[in-house]
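For reference, the chains in residue letters:
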Amino acid sequence: MCYNNNIPNTVKIQGDVFMQKYTVENHEESWLPEGKNFKLVWSDEFDGTELDASKWDYRMSMMGKYHESWTDKGVHLDGNGNCVFTLMAAEDDGRPVCSQLQTGYNFMDEPVQKTTFETAYLQWPIGKLKENKFTHTYGYYECRCRMQLKPGWWSAFWIQSPTIGASLDPAETGVEIDVMESFHPGKIVHHNVFTGGYGLDMKHISAGDGLTLDENEYHRFGVLWDENGYTFYVDGKEDGHIDGFVSKRPEFILISTEANGYRDEDHLPTEEAKAAIGDTFLVDYVRVFDVI
């Protein structure tokens, strides 16, 4: 695959929005913030028919417990450059399940093995750690995708530190950066940055007011993460900036889908989720650029 690292002059993308086009041969171009030079350092164009296991793994657990709504069978490549996430019926009981992909691992996610009385005082309540496949600090992160079409499940493109919450300092142990979250077809909520982990010390800052987009079309979602904070973009247009909680840690990428209802008190899928089985969320590419 050929990449064009020579960024052309700023061009008009749509309306009064000015961005830079970054050419990827035989693929959709990236739309990058103007006034900077970029170099592509990591990407997946989802060519072929097999998910690249050197880049991605399935997220199957969260905060030490297996998640009953996630599966490692809910993603395939369609041969036309799309990574297809499908809300599917579980083989055992037909409940709606779907997938989350990640390029790294949160140290608190893996399930903890049972301990004996003798080892309980010697073993931390943390599961087996894994080597990250890809982590990075700073740069422009971009995903082009077509959102889910039916209510009952949601999709997201985000970035997370493997050690978020291990200290109160976001620079030292990182943050969660929510670039895109769609809880209803065509609806994008505001962007968030979380710090302090997911317990009593959790804090967050939001940017943007949310958007309504055509769920039948592909859209580009990006964030420029640098020493000054996080600037978010949707379809080439700036959509908010956060200048606090700046992480200086290598972080990994996630593409998520999840059925509604499993986080409610009864941990059961909603009727909308059951009705949405068979619906798809499509990802055309994920790219990471350094500012040079």
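In this report, we go over the structure that sits alongside the text. None of the values given here were measured: they were computed from a predicted structure.

Observations concerning the nonpolar core
Move 1: Membership of the largest hydrophobic core comes to 46 residues, with the highest contact counts inside it found for Ile177, Tyr230, Ile253, Val283 and Val286.
Move 2: In terms of residues, this core owes the most to one element, strand β24 (residues 280–291), which gives 4 residues.

Regarding the side chain of Asp226
Move 1: In this structure, Asp226 sits in strand β20 (residues 218–226).
Move 2: Despite being buried, Asp226 has no salt bridge partner; Lys36 is the closest side chain of opposite charge, sitting 4.9 Å away.
Move 3: Within the structure, the side chain of Asp226 is placed 2.8 Å from the backbone nitrogen of Asn228, a separation counted as a polar contact.
Move 4: Not counting the four nearest positions on each side in its chain, Asp226 is found in contact with Tyr138 and Val246.

Concerning the side chain of Thr71
Move 1: Locating Thr71 in the fold gives a position in the loop between β7 (65–66) and β8 (75–77).
Move 2: Once residues lying within four places of it in the same chain are set aside, the contact partners of Thr71 are Tyr58, Met60, Met88, Val97, Cys98 and Ser99.

Let's talk about the packing of aromatic side chains
Move 1: Per the counting criterion, the structure on display carries 12 aromatic pairs.
Move 2: Note on Trp42 and Phe134: the rings are 4.8 Å apart at their centroids and 20° apart in plane angle, and the pair reads as stacked. Taken together, the residues span a long stretch of sequence, with Trp42 in strand β4 (residues 38–44) and Phe134 in the loop between β12 (100–102) and β13 (139–146) at a distance of 92 residues. With respect to burial, Trp42 and Phe134 carry one shared label: buried.
Move 3: An aromatic cluster is built from Tyr22, Phe38, Tyr140, Tyr233 and Phe289, whose rings are joined through pairwise contacts.
Move 4: The side chain of Arg220 reaches across the aromatic face of Trp31, ending 4.0 Å from its centre.

Rules behind the numbers
Residues numbered from 1 in each chain as written. Predicted model: local features only at pLDDT ≥ 70, side-chain atom pairs only at ≥ 80, totals over all residues. Heavy atoms only, no water. Core = buried A, V, L, I, M, F, W, Y, C linked by side-chain atoms within 4.5 Å. Buried < 20%, exposed > 50% of the residue type's maximum accessible area, 1.4 Å probe, protein only. Helix = DSSP H or I, 4+ residues; strand = E, 2+ residues; numbered from the N terminus. Lys, Arg positive; Asp, Glu negative; His and termini not counted. Salt bridge = Lys/Arg side-chain N within 4 Å of Asp/Glu carboxyl O. Polar contact = N/O pair within 3.5 Å; in protein donor to acceptor, adjacent residues only side chain to side chain. Contact = heavy atoms within 4.5 Å. Phe/Tyr/Trp six-rings, centres within 6.5 Å; stacked < 30°, edge-to-face > 60°. Lys NZ or Arg CZ within 6 Å of the ring centre and 35° of its normal.

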